[in-house]
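# Working through the structure, step by step
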Amino acid sequence: MKLLSIKNESVVYRSKTKNVLAVNNVSFDIDKQDSVGIVGESGSGKSTLALALLKLLPKNADVTGEVLFEDKDLLKLSTDEFNDLRWKEISIVFQKSMNSLSPIHRIGSQMADIYTIHDGSADSDEVKGKIINLLEMVNLPTRVYTMYPHELSGGMMQRVSIALSLMHNPKLIIMDEATTALDVITQGQILNEIAELEKKLKIARIMISHDMSVVANTCRKIAVMYAGYLVEFGLVEDVILNPKHPYTKGLLKSFPPLKGEKGELRSIPGYLPDLSIPHEGCIFKDRCPQKENICLYTAPKTHIVENGRKVMCNFAGGDC
Amino acid sequence: MNKSGNFKMKIKKIISSINNVKQLKAGIILLALIILLAIFAPLIATHDPFELNDDMVSPPSNNYILGTDGLGRDIFSGILYGARTSILIGVVAASISGIMGTLIGGISGFYGGKIDAVLSEVINVFLMMPTFFLILIIVALFGSSMFNVMVVIGITTWTGNARLMRAEALSLKQRTFVKSLETIGESKFKILLKHIIPNGIFPIIANTTMNVSDAILTESALSFLGLGDPNVMSWGQIVYNGKSYLTNGWWISTFSGIAIVLTVLAFYLIGDGMNNILSPKLNSNN
Amino acid sequence: MARYLRKRVLTGILVILVSLIINFSLIHLAPGNPINLLAGKDNPSQEMIDTLTKKYGLDKPIYVQFIHYIKTLLKGDLGYSIMSNEPVGKLILEKVGPTLLLALTSIILALVIGTALGILAARKRGSKFDIVMNGLSYLFDSTPNFWLGLMLILIFASKLKVFPTAGMVDLRTQSEGIAKVIDILWHLVLPLTTVTLIQIPYYFRIARSSVIQTMSEDFITTFRAAGMKENRIFNKYVFKNAILPTVTVFGINLAYVISGVAIIEIVFAWPGMGRLMMTAISKRDYPLLMGIYLLLSVSIAVCMIVVDVVYAIIDPRIRYD
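Residues numbered from 1 in each chain as written. Chains lettered and ligands numbered in written order. Predicted model: local features only at pLDDT ≥ 70, side-chain atom pairs only at ≥ 80, totals over all residues.

For the record, the criterion: UniProt positions are given in the numbering used here, feature names are shortened, and annotations may be inferred rather than shown by experiment.
The name given to chain A in an unreviewed UniProt entry is ABC transporter ATP-binding protein, with the source organism recorded as Paratissierella segnis. Among the UniProt annotations of chain A, the heading Sequence similarities (unreviewed entry) holds the following wording: "Belongs to the ABC transporter superfamily." The UniProt entry for chain A carries the following text under Subcellular location (unreviewed entry): "Cell membrane".

Right, here's the structure in full:
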């Protein structure tokens, strides 16, 4: 069952001097209880794509295309209609969890305040009980309710953010680099807890990360973004074991393999292109080890291969 | 690329950032105009600013562009020469405060430990003192020569600069290039002078520009209270002289005051514009 | 919080000590003989020299003199004014009221008006209102306070004749009761306007920039993502976060306000401490001058500590340190 369907979405940041095409014609679907990891280096447009889903981009960002959430086009909803949907249907966990709540208000009162946005009828004891349950659910002591953000560690604040996002049993959670700032052990614990909660609460998840291994371990599908384009999309096992786009291959080589023997780690030479300048041919041509003449002038189409897999490469149709 | 090309690039970059920050552009134009007037004061002035004559408290006219004061001195010429005093006092006082602040703040932040604890406390103490009254008393006791005024303003206002420099030094200290210099055994004081200060000086320059404004205001207030140097022409003194003629000679205090406002404004705009380049996110209007 | 407060109080005590040392050393470092300074003339009589030498222990070593100076101060003795031969403490106390009236009212007005304008400008960032207000804040920041006072006198007292030029009461009418209060308020308008106008840019800028800063914080995005209404986000979260810097500036601003008030008192012949200080300067009444300076330093230090305490109470990040 399709939960969210992104169709030809593009985002342009407009300023006086230039327009930056941050997301370019991206399309993919997310099923109910699905988990999709979006990977790419910083500047690839992965966070912009996610923030656009919740209409959290600054005013100078123009979003075009269609975002169908249970057959409603999110981009066409009014502010009030959209506010109703926020948090109840889609919630988000940010990277900088230390700053995700006001530093001078108590955590409990802020959580309660957010809770009552979508449930104004609940009395305060009821709300408090619900919040305390949430805190317990993410393995936090109940005294966190009366504490301030600066009194908690990064990992604890991340748990608070997760508890906050689960508050109204949303159908979709977006995690924007949600565990990047944590140490490896805390990250592992939190990722396991998330996986369990998801099963229990039947939630779909979009996971944005620059860390291929995090996505590989916790998601069912993977979307690889480069310079605003979705270059490869498919089931994690397909993409990891048999990457088709040269960028995905490069990205996989730059991380240590999960299993098996250790190969050579290599980074991809070159930099992201300037997205404010129109380009010709393939967006990855400057860094691609497999480029040929056709790549310089012909923009690759997105080829759909087996299992709903998509690859945007001139050679994806045939053998590569 | 050769060195001159590099230099040209830098100049181009500076000019483009001046053009981008409106305050900076306005301030620089205004200040350039005021400085030109001050430099060419002897050529532009229509009268000797100290010359007394019989046309006392005469209103602006063809002969006296901005009128005359109670002793018949020409206001326009007085303002032109006063520009020299104000700018000189402002720049020298702010420079003294800039140099003191940079050294004290730099030593405090870079050396750290006990030195920092003591110097920070000194900075905190000075921040809590009513500086203007201190200046007032010192000038009243030690005499109000221009030299005294400049030095006293300079040595009582360095705290802001010291705090800025301390913060810069604290962050620069953590940078790899400073750490590696320390490892190869470069002397601490040399690192401070050759690397910490030059790399952290820009906020101080912006702040010092603003301090020129404050120094000009302080000097004019002292002159207005009758504690100006009687041997030089200053705007505060003209305002002070005009106070008694407010009803029948409004032009005396009015024009000299406008001169102060414009000059102070020019330095503020420049200083603020520089801060704007330093932290564009916070200050820009878009 | 205890640690933070202990530190601030320690600094406050240091400020008072340093003020004492400055006060003491100024008398000794100033050109000329301290006896002449304290006597207020160049050739004091032998009798006067003897009394002063005895009173200030001028024949003793310098540190003994300093301890002696502190001891007399602790007894509440600030010395005697040369002009009137009255105790300095008494002269100052008589003038505290009018100065406080001017200073406190202007601080409250400027705080409220400046902060309100700053918040409005920040919320309409880049609008015409924002640009005009920014321009005005530069302009008033560049205006010497005494000149602004003179211009207000020129326009409203001299030309339009709406408000009185100087003083705190009309000496001709000798009014009593309510009439006197109204008379004082009437005289208060122009000096108060001047001191308020010069402080507004301060609060305006702080409020504007801290609202803008707060609006860009990550937690605002959290509330937006959760669907909270912009007005609620502002009233409940942005406002309290953004007002904190104003509290700190309030303390730092205090010394600046008091010096502004002192000058404005002179412009409007307002019978407060600033005017008393000016008289002390022109009459070379050093004991009086020193007394005023000491009192100002001490009270400003005390006020700043109070402000710090208040800040520590409002901001949980300091409270739990």
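Moving on, there is more to tell.
## Examining the overall build of chain A
Rules: Elements are defined by DSSP. Helices are runs of H or I of four residues or more, strands are runs of E of two residues or more, and each kind is numbered from the N terminus. It is over C-alpha atoms that the radius of gyration is taken, and the globule rule equals 2.2 Å times the number of residues to the power 0.38. Two residues form a contact once the distance between their C-beta atoms, set from the backbone, is within 7 Å.
The helix and strand tally for chain A stands at 10 helices and 12 strands. In terms of overall size, chain A behaves like a compact globule, its C-alpha atoms giving a radius of gyration of 21 Å where 320 residues would be expected to give roughly 20 Å. Structurally, chain A occupies a C-alpha span of about 70 × 50 × 40 Å along its principal axes. A fraction of 64% describes how many contacts in chain A between residues 6 or more apart in sequence connect residues 24 or more apart.

## Side note on the overall build of chain B
Applicable threshold: Neighbour density around each residue's C-beta defines its exposure: 20 or more other C-beta atoms within 10 Å make it buried, 12 or fewer make it exposed, and counts between make it partly exposed, where C-beta atoms are placed from the backbone.
Scanning chain B from N- to C-terminus turns up 13 helices and 0 strands. Starting at the N terminus, the α and β elements of chain B follow one another as α-α-α-α-α-α-α-α-α-α-α-α-α. Every one of the 286 residues in chain B was classed for burial, and the buried ones make up 49%. Partitioning the contacts of chain B with sequence separation of at least 6, the portion at a separation of at least 24 is 71%.

## Notes on the arrangement of the chains
No other pair of the 2 pairs of chains in contact has as many contacts as chains B and C. The two units chain A and chain B are non-contacting; their minimal C-alpha-C-alpha distance is 10 Å.

## Focus on the sheet that holds strand 6 (residues 90–93) of chain A
All names here are of chain A. Convention followed: Strands are labelled as partners when DSSP assigns at least two bridges between them. For helices, the fitted axis covers only the stretch in contact; all axes are lines through C-alpha atoms, and the angles between them, taken along N-to-C directions, range from 0 to 180 degrees.
Strand order in this open sheet of 8 strands is 6-7-8-3-9-10-12-11, and the pairing throughout is mixed. Each edge of the open sheet is held by one strand with a lone partner, namely strand 6 and strand 11 (302–304). Averaged over all neighbouring strand pairs, the angle between strand axes comes to 20°, with direction disregarded. Relative to strand 8 (residues 204–209), strand 7 (residues 172–176) is paired through 5 bridges, and the arrangement is parallel. Across the sheet, the residue bridging to I174 is I206, located in strand 8.

## Brief notes about helix 10 (residues 188–224) of chain B
Spacing of three or four residues puts side chains on the same side of an α-helix, whose turn is 3.6 residues. All names here are of chain B. Note the following rule: Expected span of a helix, by definition, is 1.5 Å for each gap between consecutive residues, and there is one gap fewer than residues. Note that bend, as reported per residue, equals the angle between axes fitted to the 7 residues terminating at that residue and the 7 residues originating from it.
In this model helix 10 runs just 46 Å from its N-terminal to its C-terminal C-alpha over 37 residues, more than 12% under the 54 Å that 1.5 Å per residue would give. The sharpest bend along helix 10 comes to roughly 55°, located at I201, with the proline P203 sitting one to four residues further on. Backbone geometry just after helix 10 places G226 at a positive phi near 85°.

## Re the interface of chain A and chain C
To keep it simple, the criterion reads: Throughout this entry, Asp, Glu, Lys and Arg are counted as charged residues, while Ala, Val, Leu, Ile, Met, Phe, Trp, Tyr, Cys and Pro are counted as nonpolar. The remaining residues, Gly among them, count as polar.
On the chain C side, the residues contacting the 22 residues of chain A number 17 residues. Going through the elements one at a time, helix 2 (79–85) and helix 3 (107–118) of chain A are the ones with two or more residues in the side of chain A that touches chain C. Residue contributions to the side of chain A that touches chain C peak at 3 residues, all from helix 3 of chain A. Among the residues making up the side of chain A that touches chain C, the classes are represented as 11 nonpolar, 7 polar and 4 charged.

## Details of the nonpolar core
The following threshold applies: Remark: nonpolar core denotes a set of buried Ala, Val, Leu, Ile, Met, Phe, Trp, Tyr and Cys residues whose joining runs through C-beta atoms within 7 Å. Domain start and stop points were drawn from an automatic or database domain assignment.
In this structure, B:I137, C:L289 and C:I292 are the most contacted members of the largest nonpolar core, which totals 239 residues. Take this core: its biggest share by element is 15 residues, from helix 10 (residues 230–267) of chain C. Residue-level mapping places this core at the junction of two domains, with at least three residues from each of domain 1 (29–56 + 174–312) and domain 2 (95–169) of chain A. Non-local contacts of B:I137, meaning those with residues more than four positions away in its chain, are made with C:L26, C:L289 and C:Y293.

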